[in-house]
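# A closer look at the structure
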Amino acid sequence: MLTNFNAMLQTAYQQKKAIGSFNFYNYETLKGILQAAEEKETPVIVSFGKKYLANMTLDEVRAIVAAAARTRKIDVCLHLDHCNNLDIIYQAIRSGFTSVMYDGSALPFEENVANTKRVCEVAHANGVSVEAELGSLAAGEASHEGSADDVEVYTNPDAAKEFAAKTGVDALAVSIGTVHGLYKGTPNIRVDILKSINETLHIPLVLHGGSGTPEEKVKECISNGIAKINVNTEISDYTVQHTKALLANETPHLSVVALKQMQYVSEVVEKYMDIFANKQ
């Protein structure tokens, strides 16, 4: 069933687990994510980014997610990922998305606060949860979300406390050394900054750039407040590489390729769901 992420994130936060937020771009990637979630019997966040509006409209996205989730025995959150356009956010709320992310991380602090507060007021009035971001991530290899001009700015714990208090945001994405895309070198994840933010805020925190982050660092982050982790690049990269290998050896019917791609997506998602469960 469709739900917003508040209950699932609060439960994960208290249990020191994380919910996976997996990007989809079409029906095949969506179904692959949901199949993995049902197999693992875990709630899931399916994320659709503004960048993929060339693939589907917001109304189309909501329709296929609602239909695909209707018979599933798991909670499914339909999330608008990384959006700095207020009109698109409000359209997503009208279309039936159950959570939205306003990304004002590139703006001055007070402008980010003002816009995020406005989004929270509209979203909460419609039963929709809100994620925002403070700080910014650099772009790694094969990033499809950031740009080459992105510069990493770590999240300041004191600023995060003020931001959360002024906006009423439900979850906060933080910058602690992860990147959008794949790492170009050895990642330096600042768990010390994360721990300070968590001790200050006591709300679910979000880690963007989950693809390729070392498992031990992911688990350490989960133990220090991360309750939602985004995965995008690895879903695409893994599925494209395996599709190329498939087509190099045979020329199957397109319907068979679609089924194979669902399987490839599920394999990536199941791997991360096992990590996010944070079992010792």
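This write-up is about the structure you can find in this document. (Residues numbered from 1 in each chain as written. Predicted model: local features only at pLDDT ≥ 70, side-chain atom pairs only at ≥ 80, totals over all residues. Heavy atoms only, no water.)

## Remarks on the overall build of the protein
Filter applied, for reference: Here a helix means four or more residues in a row that DSSP labels H or I, a strand means two or more in a row labelled E, and each is numbered from the N terminus. Think of it in three bands: residues with accessible area under 20% of the maximum for their type are buried, residues over 50% are exposed, and the middle band is partly exposed, with areas taken using a 1.4 Å probe on protein chains only. Here, residues are in contact when the closest pair of their heavy atoms is within 4.5 Å. Here, Shrake-Rupley sampling with a 1.4 Å probe gives the accessible areas, and only protein chains in the shown set may cover a residue.
The helix and strand tally for the protein stands at 10 helices and 10 strands. The buried share among the 280 residues of the protein stands at 55%. Intrachain contacts of the protein at a sequence separation of at least 6 include 73% that bridge at least 24 residues. Of the accessible surface of the protein, which amounts to about 12200 Å², a share of 49% is contributed by carbon and sulfur atoms.

## Brief notes about the side chain of Ser95
Counted only if it meets this: A 3.5 Å cut-off defines polar contacts: any pair of N or O atoms within that distance qualifies, except that in protein one atom must be a possible hydrogen donor and the other a possible acceptor, and neighbouring residues in sequence count only when both atoms are side-chain atoms.
By the secondary structure assignment, Ser95 is in helix α4 (residues 86-95). Separated by 2.7 Å, the side chains of Ser95 and Asp59 make a polar contact. Each residue touching Ser95, except ones within four places of it in the same chain, is listed here: Leu58, Asp59 and Arg62.

## A few points about the packing of helix α2 (residues 27-40) against helix α10 (residues 254-276)
The criterion, for reference: Note on method: axes are straight lines fitted to C-alpha atoms, helices fitted across the in-contact stretch only, with angles between N-to-C directions ranging 0 to 180 degrees. Angles below 35 degrees are treated as roughly parallel, those above 145 as roughly antiparallel, those between 65 and 115 as roughly perpendicular, and all remaining angles as oblique. Here is the rule for handedness: rotate from the far helix to the near one, and if that takes an anticlockwise turn smaller than a right angle the crossing is left-handed, while a clockwise turn gives right-handed. Residues were grouped as follows: Ala, Val, Leu, Ile, Met, Phe, Trp, Tyr, Cys and Pro as nonpolar; Asp, Glu, Lys and Arg as charged; and all remaining residues, including Gly, as polar.
It is the contact of α2 with α10, at a shortest axis distance of 7 Å, that shows an interaxial angle of 45°. If you check the angle between α2 and α10, you find them oblique. Considering only the axes of α2 and α10, their crossing is right-handed. Only Ala258, Met262, Val265, Ser266, Val269, Glu270, Met273 and Asp274 of α10 make contact with α2, whose side of the interface consists of Tyr27, Glu28, Thr29, Lys31, Gly32, Ile33, Gln35, Ala36, Ala37, Glu39 and Lys40. Class assignment for the residues of the contact of α2 with α10 results in 9 nonpolar, 4 polar and 6 charged.

## Regarding the packing of aromatic side chains
We count it as follows: Put simply, two rings from Phe, Tyr or Trp (the six-membered ring, in Trp's case) pair if the centres are within 6.5 Å, and we call them stacked under 30 degrees between planes, edge-to-face over 60, tilted for the rest. For a lysine, the NZ atom is tested; for an arginine, the CZ atom; a charge sits over a ring if that atom is within 6 Å of the ring centre and within 35 degrees of the ring normal.
Taken as a whole, this structure holds 6 aromatic pairs when the rule is applied. With a centroid separation of 5.0 Å and an interplanar angle of 65°, the aromatic rings of Tyr25 and Tyr52 are classed as edge-to-face. Residue Tyr25 is located in the loop between β1 (19-23) and α2, and its partner Tyr52 is located in the loop between β2 (44-49) and α3 (58-69); the two are separated by 27 residues in the primary sequence. In this structure, Arg190 packs its charged tip against the face of Tyr154, placed 5.5 Å from the ring centre.

## Digging into the sheet that holds β1
Operational definition: Strand pairing is assigned whenever DSSP identifies at least 2 bridges connecting the two strands.
Strand order in the closed barrel formed by 8 strands is β1-β2-β3-β4-β5-β7-β9-β10, with parallel pairing between adjacent strands. Between one strand axis and the next, the sheet turns through 25° on average, direction left out of account. Here strand β7 (residues 171-174) runs beside strand β9 (residues 205-207); their pairing, made up of 3 bridges, is parallel. Across the sheet, the residue bridging to Val174 is Leu207, located in β9. Packing of helix α7 (residues 191-201) onto the sheet brings it into contact with β7, β9 and β10 (226-231), and relative to β9 it is tilted by some 155°.

## What to know about unusual backbone geometry
Residues apart from glycine generally show negative phi values, whereas peptide bonds are mostly found in trans. The phi dihedral of Glu41 is positive, around 55°, even though this residue is not glycine. Along the polypeptide, Glu41 turns up in the loop between α2 and β2. Given the relative accessible area of 70%, Glu41 is considered exposed. The phi dihedral of His202 falls on the positive side, at around 60°, and the residue is not glycine.

## Overview of the nonpolar core
Worth spelling out the cut-off: Remark: nonpolar core denotes a set of buried residues (Ala, Val, Leu, Ile, Met, Phe, Trp, Tyr, Cys) joined through side-chain atoms within 4.5 Å.
Phe22, Phe24, Val44, Val46 and Phe276 are the most contacted members of the largest nonpolar core, which has 71 residues in total. Looking at this core, the element that brings in the most residues is α10, giving 7 residues. Residues contacting Val46, with those up to four places away along its chain left out, are Phe22, Phe24, Leu30, Ile33, Leu34, Val65, Val76, Cys77, Leu78 and His79. Counting 13 residues, the second largest nonpolar core, distinct from the first, contains Leu9, Cys77, Met101 and Ala173.

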